[in-house]
Amino acid sequence: MVEVLVTGGAGFIGSNFVRHALSAHPDWRITTLDKLTYAGRLENLKEVLDDPRHQFVRGDITDAAVARSLVARSNLVVHFAAETHVDRSILGAGDFIHTYVFGTFVLLEAAREAPGLRRFIQISTDEVYGTVTTGASRETDELKPRNPHAASKAGADRLAYSYFATYGVPVIITRASNNYGPYQFPEKVIPLFVTNAIDGQAVPLYGDGLNVRDWLHVADHCRALDVVIERGEPGEVYNVGGGNEVANLDLTRRILAALNRSEDLIRPVADRPGHDRRYCLDTTKLGGLGWRPQIDFAAGLGETISWYRQNEWWWRPIKQGDPAFQAYYSRQYEGR
Ligand code: NAD
Ligand code: TYD
């Protein structure tokens with residue numbers, strides 16, 4: 001059996017990856033390590049909690065004893081755990097630096113001592129390149145992160161590389177574009193706008209709505225990680241982009257149209273400070289390993305919207321039953 005440690009596996013991408021990996025790799029035994037922050041939900045893993053090849057451990061990656069004991073027995077680490085919302089990093093960056101820079105350091109120290117470790121996959125992001133005026137970011141481009149979340153990702157991305165260069169830890173770094181799909185916490189733009197629109201509530205669009213993101217279906221991301229794990233080279237960086245550049249206004253219109261809602265629901269609000277205008281990834285390098293995204297954006301968005309319509313049990317308790325979510329929503333949007 002291949003012993004796999006997935007950090008942050010109760011979050012959006014991590015839980016999709018755990019489900020995908022248990023079904024795609026019958027010879028993998030997975031331990032999910034997750035602190036269950038506001039964004040980590042055990043119900044994201046409900047289908048696999050009783051799977052004999054899966055173990056859930058509630059714990060913090062910054063806890064060296066926990067990290068050491070779990071990494072020591074692993075052949076593969078896939079490190080997703082992070083604070084992930086740019087807007088929250090603007091309200092306060094401390095947790096971002098602690099979890100992602102210090103937490104990645106703790107895991108990497110544990111990885112130095114792990115006898116059977118074959119790969120350490122560092123899940124970075126396209127946001128480390130900063131805003132992209134023309135063309136597409138390549139793996140060799142300078143990193144110019146422009147918000148605290150992106151800067152924490154860039155710090156850990158390079159720290160992970162340094163553990164490859166200095167100590168030979170078999171690190172591979174992936175930089176993915178914006179993901180979408182089921183189980184994404186409803187503070188990110190697609191699930192927030194879909195669930196607001198289902199309820200006939202306004203959707204708060206930042207600035208002129210012309211910022212562009214490159215959307216990647218989470219299932220395509222999971223398949224890309226398989227390719228990187230199997231065929232990627234330690235010390236290398238791989239961009240993972242969906243090839244779907246869409247302006248936020250266009251995205252919003254598509255969501256409203258799919259839900260038969262009027263565009264009157266669009267509420268233009270003050271822009272995000274330091275809002276990156278555009279992200280775009282050159283994925284030639286990963287294409288060379290045989291990966292291509294398979295999910296057409298229109299179809300993937302439609303399926304994702306349907307998932308939120310059919311799974312109100314999942315998001316209503318967060319949006320309507322959790323005072324912390326409501327406090328965040330008021331702080332972020334009221335009077336904006
Ligand atoms: P998420 O916020 O849904 O999940 C993060 C998970 O990490 C949660 O389950 C949380 O409980 C856990 N976590 C946080 N701090 C922890 C700690 N100290 N110890 C253990 N667990 C902890 O995030 P996501 O969207 O699934 O993103 C996962 C990773 O992918 C992140 O590293 C993110 O930066 C990266 N990424 C995300 C996107 C995207 O569009 N969502 C794109 C590119 C890269
Ligand atoms: P988000 O989902 O927060 O992801 P990221 O900041 O990692 O790209 O935001 C995606 C885009 O949507 C980004 O350009 C900001 C914009 N946005 C809004 O216009 N309104 C909102 O309420 C949110 C959360 C995001």
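What counts as what
Residues numbered from 1 in each chain as written. Chains lettered and ligands numbered in written order. Predicted model: local features only at pLDDT ≥ 70, side-chain atom pairs only at ≥ 80, totals over all residues. Heavy atoms only, no water. Phe/Tyr/Trp six-rings, centres within 6.5 Å; stacked < 30°, edge-to-face > 60°. Buried < 20%, exposed > 50% of the residue type's maximum accessible area, 1.4 Å probe, protein only. Near = heavy atom within 4 Å. Polar contact = N/O pair within 3.5 Å; in protein donor to acceptor, adjacent residues only side chain to side chain. Nonpolar A, V, L, I, M, F, W, Y, C, P; charged D, E, K, R; others polar. Domains from an automatic or database assignment. Helix = DSSP H or I, 4+ residues; strand = E, 2+ residues; numbered from the N terminus. Arc of directions from axis to C-beta. Contact = heavy atoms within 4.5 Å. Buried area = accessible area lost by both parts, 1.4 Å probe. Salt bridge = Lys/Arg side-chain N within 4 Å of Asp/Glu carboxyl O. Axes fitted to C-alpha atoms, helices over the stretch in contact; angles between N-to-C directions. Parallel < 35°, antiparallel > 145°, perpendicular 65-115°, else oblique. Left-handed = near helix turned anticlockwise from the far one by under 90°.

**Student:** Can you walk me through the packing of aromatic side chains in this structure?
**Tutor:** Counted according to the given criterion, the structure contains 17 aromatic pairs. When the centroid spacing of 5.6 Å and the interplanar angle of 65° are considered together, the rings of W307 and W314 count as edge-to-face. Looking at W307, the relative accessible area reads 15%, which means it is buried. Note on F325 and Y329: the rings are 6.1 Å apart at their centroids and 25° apart in plane angle, and the pair reads as stacked.

**Student:** Got a minute to help me understand the site of ligand 2 in this structure?
**Tutor:** In the neighbourhood of ligand 2, 19 residues make up the surrounding shell, with E127, P204, R272, H275 and Y333 lying closest. Between ligand 2 and N178 there is a distance of 2.9 Å, counted from an oxygen atom to a side-chain nitrogen or oxygen. Between an oxygen atom of ligand 2 and a main-chain N or O atom of Y206, the distance comes to 2.9 Å. Among the residues forming the shell around ligand 2, the class breakdown is 8 nonpolar, 5 polar and 6 charged. When we break the shell around ligand 2 down by domain, the ones giving at least three residues each are domain 1 (2-179 + 215-240) and domain 2 (185-213 + 244-280 + 296-318).

**Student:** Hey, could you run me through helix 8 (residues 248-258) in this one?
**Tutor:** The periodicity of an α-helix, 3.6 residues per turn, causes residues three or four positions apart to be oriented the same way. Taken residue by residue, helix 8 has N248, L249, L251, T252, I255 and L256 as its buried positions. The buried residues of helix 8 occupy one face: seen down the axis, they fall within an arc of 160°. Each element contacted by the buried residues of helix 8 is listed here: helix 6 (189-198), strand 8 (203-206), strand 9 (212-214), strand 12 (245-247), strand 13 (266-269) and helix 10 (297-310). Following helix 8 by one or two positions, N260 has its phi on the positive side, about 55°.

**Student:** Got a minute to help me understand the domain arrangement of the protein in this structure?
**Tutor:** You'll often see interface size given as the accessible area lost when the parts meet. By the assigned domains, the protein splits into domain 1 (2-179 + 215-240) and domain 2 (185-213 + 244-280 + 296-318). The distance between the C-alpha centroids of domain 1 and domain 2 comes to 25 Å. The interface is formed by 27 residues belonging to domain 1 together with 25 residues belonging to domain 2. For the pair domain 1 and domain 2, the summed buried area comes to about 2300 Å², and 50% of that belongs to carbon and sulfur atoms. Considering only the side of domain 1, the residues that lose the most area to domain 2 are H85, R146 and W215, jointly responsible for 31% of the buried surface there. Taken together, the links from domain 1 to domain 2 amount to 3 salt bridges.

**Student:** Looking at this structure, how should I read the packing of helix 1 (residues 12-24) against helix 7 (residues 218-231)?
**Tutor:** For any two helices packed against each other, one specifies the crossing angle of their axes together with the interaxial distance. At a minimum axis distance of 9 Å, the contact between helix 1 and helix 7 shows a crossing angle of 60°. Judged by the inter-axis angle, helix 1 sits oblique to helix 7. With respect to the hand of their crossing, helix 1 and helix 7 are arranged in right-handed fashion. Contacts from F12, I13, N16, F17, H20 and A24 in helix 1 reach V218, H221, C222, R223, L225, D226 and I229 in helix 7. A class-by-class count of the residues in the contact of helix 1 with helix 7 yields 8 nonpolar, 3 polar and 2 charged.

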